[in-house]
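# Per-entry structural report
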Amino acid sequence: MQLEQSFMPLMIAFGWLSAMLLIGVFLRAKVPLFQKFLFPACLIGGLLGFVLVSVGWVNVPSNFFALMAYHLFSIGFVSIGLTGGGGGKGSAKTIIKGSVWLAFVWTALLCIQSALGAGIIAGTNQIGDKLYEGLGFLMGHGFAQGPGQTLGIASVWESAFKIPNAITIGLTFAAVGYFVAALIGVPLANWGVRKGYAANAPKDLPPDFVTGIHGPDDNVSAGTSTTHSATIDSVAFHLALLLGTYALSFYVTGILRDWLLPPAMAKIAFGFVFMWGLITAMVVRQVMNLLGIGHLINNDLQRRLTGSTVDYLVVATMMAIQIGIVWQYIVPISAVIIGGVIVTLFVVLYFGRRATEFAFERSMALFGYVTGTGASGLLLLRIVDPEFKTPVAMEVGLMNIVALFTATHIVFMNGAAPHPETMGVWAVAGVQLVTAAVLIVLLKVFRLWGPKQF
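Residues numbered from 1 in each chain as written. Predicted model: local features only at pLDDT ≥ 70, side-chain atom pairs only at ≥ 80, totals over all residues. Heavy atoms only, no water.

### What to know about the overall build of the protein chain
Looking only at helices and strands, the protein chain has 22 helices and 0 strands in total. The C-alpha atoms of the protein chain give 22 Å as radius of gyration, which agrees with the globular expectation for 454 residues (22 Å, within 12%). Counting across all 454 residues of the protein chain, residues that qualify as buried make up 53%. Taking as baseline every contact in the protein chain between residues at least 6 positions apart, the subset at least 24 positions apart corresponds to 78%. Counting only carbon and sulfur atoms, one obtains 68% of the accessible surface of the protein chain, whose full area is about 20300 Å². (Helix = DSSP H or I, 4+ residues; strand = E, 2+ residues; numbered from the N terminus. Rg over C-alpha atoms; globule rule 2.2 N^0.38 Å. Buried < 20%, exposed > 50% of the residue type's maximum accessible area, 1.4 Å probe, protein only. Contact = heavy atoms within 4.5 Å. Areas by Shrake-Rupley, 256 points an atom, 1.4 Å probe, with all protein chains shown as cover.)

Pasting the structure below:
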């Protein structure tokens, strides 16, 4: 193999992602507009990368970026599984109530966004080019779960069910969601701070939070070494453990597909490799704990690796979008996005204003979560609670455990069922709406829906 060929396409693609991230860091530090809306570097770099791919200046196929995004997402879940639990502030009762409230409303919004998307596409099909109604479900996943989950489901649809353009349309919804979190969420958070709705409202955001770069004298530790450098560098150890566990999850998924899962699930087993990877990583972590070597995993460093996968994932997601397909279906895509933003904002504010405690903080965290990812939620939360003095940050983490019981059936159903060979679009939409209604009722039953707070 020639040395020139060895750079294609993996190293070239990875180089483009890295270059876009670095440019994003520079622009965030220098451009007031990006600072005003707190655009993360990955979003700025991803937007620039999308433009460069669209005009043909990047000589890497867009579907290769989509493949990289898929693996980055799955690796991120493995990293989460390897990370131990952390502490939090606030009473246990308050934290549990907050995490349940967040999980219930988040799952209800996932269901509402998905059913709404399918309904809007069904309407636009009456006046324009026909588009598969089930693609509207990807708006719910793109907004409420982010690009990785959307890509996982869309990949199943394209490979197993031969639904065209699912990946590009799904990633478009996910990318727009990030901008919604910034362009609507940041002004909304600042408005609440001025109104005095936040319990720990800051006077001003610290300079490093605005520019995205720490000063020379206020650097923050990224973790501590758990191995001696004479044997192996600690970062290399954590990377080896992370990628080795991901490789193990590949074989676990193969065993599940060939020996344990029913035929319908076996067909889409690798579409959910992120979930099998999460479970595999949790088992690996527990085995290490039982062997007395769990301390070799530094949780702070492991979280940095998780964050790194998210940064690269966002850039890869945006560079995987094919502008030609988006433009072809611009009317239904735009209609779904506009409808989704309006309904999402209404639901978040309606139920957020009626949260029993820390109403505005929970509203901001929830809005970021249902338009971007958990990182978006924490970013908006930090505007109104910069030192995380409220327990909401802990609640955001714990809500994922509760969501395993409220949303897992929706994720699997949306991945496997909205197709004529299975349940069909409208049967799935019906289950989604029933789920949303049940969860809203449970807010009352568990006394998580109180009087208006702001």
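Once you've had a look at it, read on.
### Observations concerning the pattern of salt bridges
Pairing between side chains of opposite charge can happen when the charged atoms of each approach one another. Using the criterion set out here, one finds 4 salt bridges in the structure. Two residues, D258 and R257, come together in a salt bridge whose shortest N-O distance is 2.9 Å. For R257, a relative accessible area of 36% corresponds to the partly exposed category. With a closest N to O distance of 3.0 Å, R362 and E395 form a salt bridge. Note that R362 is positioned in helix 18 (residues 359-369) and E395 in helix 20 (residues 392-406), a separation of 33 residues in sequence. R362 gets classed as buried once you look at its relative accessible area, which sits at 1%. (Salt bridge = Lys/Arg side-chain N within 4 Å of Asp/Glu carboxyl O.)

### Focus: the environment of I440
Position of I440 relative to the elements: it lies in helix 22 (residues 425-445). C-alpha separation for the pair I440 and S114, spaced 326 residues apart in sequence, amounts to 16 Å. With sequence-adjacent residues up to four places away left out, I440 is seen in contact with F351 and W449.

### Focus on the nonpolar core
Core analysis: the biggest nonpolar cluster contains 131 residues, and F65, W101, W106, L135 and W157 have the highest contact counts within it. Beyond its immediate sequence surroundings of up to four residues, W106 is in contact with A144, Q145, L366, Y369, V370, M399, A403 and A407. Membership of the second largest hydrophobic core comes to 13 residues, among which are I75, L82, L242 and Y246. (Core = buried A, V, L, I, M, F, W, Y, C linked by side-chain atoms within 4.5 Å.)

### Overview of the side chain of R28
Mapped onto the secondary structure, R28 falls in helix 2 (residues 10-30). Here R28 occupies a buried position and makes no salt bridge, while the nearest side chain of opposite charge, D208, is found at 8.8 Å. Within the structure, R28 has its side chain in polar contact with the backbone oxygen of V210 (distance 2.7 Å). Those residues within four positions of R28 in sequence are excluded, and the remaining contacts are F34, Q35, L38, F39, P40, I44, F209, V210, T211 and G212. (Lys, Arg positive; Asp, Glu negative; His and termini not counted. Polar contact = N/O pair within 3.5 Å; in protein donor to acceptor, adjacent residues only side chain to side chain.)

### Structural notes on the packing of helix 7 (residues 137-144) against helix 9 (residues 166-183)
At their nearest, the axes of helix 7 and helix 9 sit 8 Å apart, and the two run at 40° to each other. Relative to helix 9, the element helix 7 lies oblique. As helix 7 packs across helix 9, the resulting crossing turns out to be right-handed. Taking contact as the criterion, the partners of L138, M139, G142 and F143 in helix 7 are, on helix 9, A166, G170, F173, A174, G177 and V180. (Axes fitted to C-alpha atoms, helices over the stretch in contact; angles between N-to-C directions. Parallel < 35°, antiparallel > 145°, perpendicular 65-115°, else oblique. Left-handed = near helix turned anticlockwise from the far one by under 90°.)

### A word on the layout of surface pockets
Within this model, the second largest pocket holds a volume of roughly 380 Å³. Forming the boundary of the second largest pocket are 23 residues, of which A66, L67, Y70, S155 and I167 lie nearest the centre. Contributing elements (two or more residues each) for the lining of the second largest pocket: helix 5 (62-82), helix 8 (147-160), helix 9 and helix 12 (234-260). A per-element tally of the lining of the second largest pocket places helix 5 first, with 6 residues. For the lining of the second largest pocket, the per-class residue count stands at 13 nonpolar, 9 polar and 1 charged. (1 Å grid on protein atoms, 1.4 Å probe; cavity = no way out; pocket = protein on both sides within 12 Å on 5 of 7 lines; lining within 4 Å. Points joined across faces, edges and corners; volume = space filled by probe spheres on them. Nonpolar A, V, L, I, M, F, W, Y, C, P; charged D, E, K, R; others polar.)

### Brief notes about unusual backbone geometry
Of note, K162 is a non-glycine position whose phi angle comes to about 60°, a positive value. Note that K162 resides in the loop between helix 8 and helix 9. Positioned with a positive phi, F358 is a non-glycine residue whose angle comes to about 50°. With respect to the helices, strands and loops of the structure, F358 is situated in the loop between helix 17 (330-352) and helix 18. Look at F358 and you get partly exposed, because its relative accessible area is 28%.

### Some remarks on the confidence of the model for the protein chain
Looking at the protein chain as a whole, the pLDDT averages 88, with 94% of positions reaching at least 70. Taking the mean pLDDT of every element in the protein chain, the minimum, 62, falls on helix 1 (residues 3-6) and the maximum, 96, on helix 17. (pLDDT = per-residue confidence, 0-100.)

### Overview of helix 6 (residues 92-124)
Over its 33 residues, helix 6 runs 48 Å from end to end, which matches the ideal 48 Å to within 8%, given 1.5 Å per residue. Among the 33 residues in helix 6, 26 count as buried, and that is most of the element. (Expected span 1.5 Å × (residues − 1).)

### Quick word on the packing of aromatic side chains
Tallied over the full model, the rule gives 20 aromatic pairs. Seen from their ring centres, Y132 and W157 are 6.3 Å apart, and the 75° between their planes marks the pair as edge-to-face. Placement of Y132 in the loop between helix 6 and helix 7 and of W157 in helix 8 is noted, with a sequence separation of 25 residues between them. You can call W157 buried: its relative accessible area is 0%. (Phe/Tyr/Trp six-rings, centres within 6.5 Å; stacked < 30°, edge-to-face > 60°.)

### Observations regarding the environment of W276
Among the structural elements, W276 can be located in helix 14 (residues 273-290). Looking at W276, the relative accessible area reads 14%, which means it is buried. For the pair W276 and V180, spaced 96 residues apart in sequence, the C-alpha to C-alpha distance is 31 Å. Those residues in contact with W276 that sit more than four places away from it in its chain are T253, L256, L261, A269 and F412.

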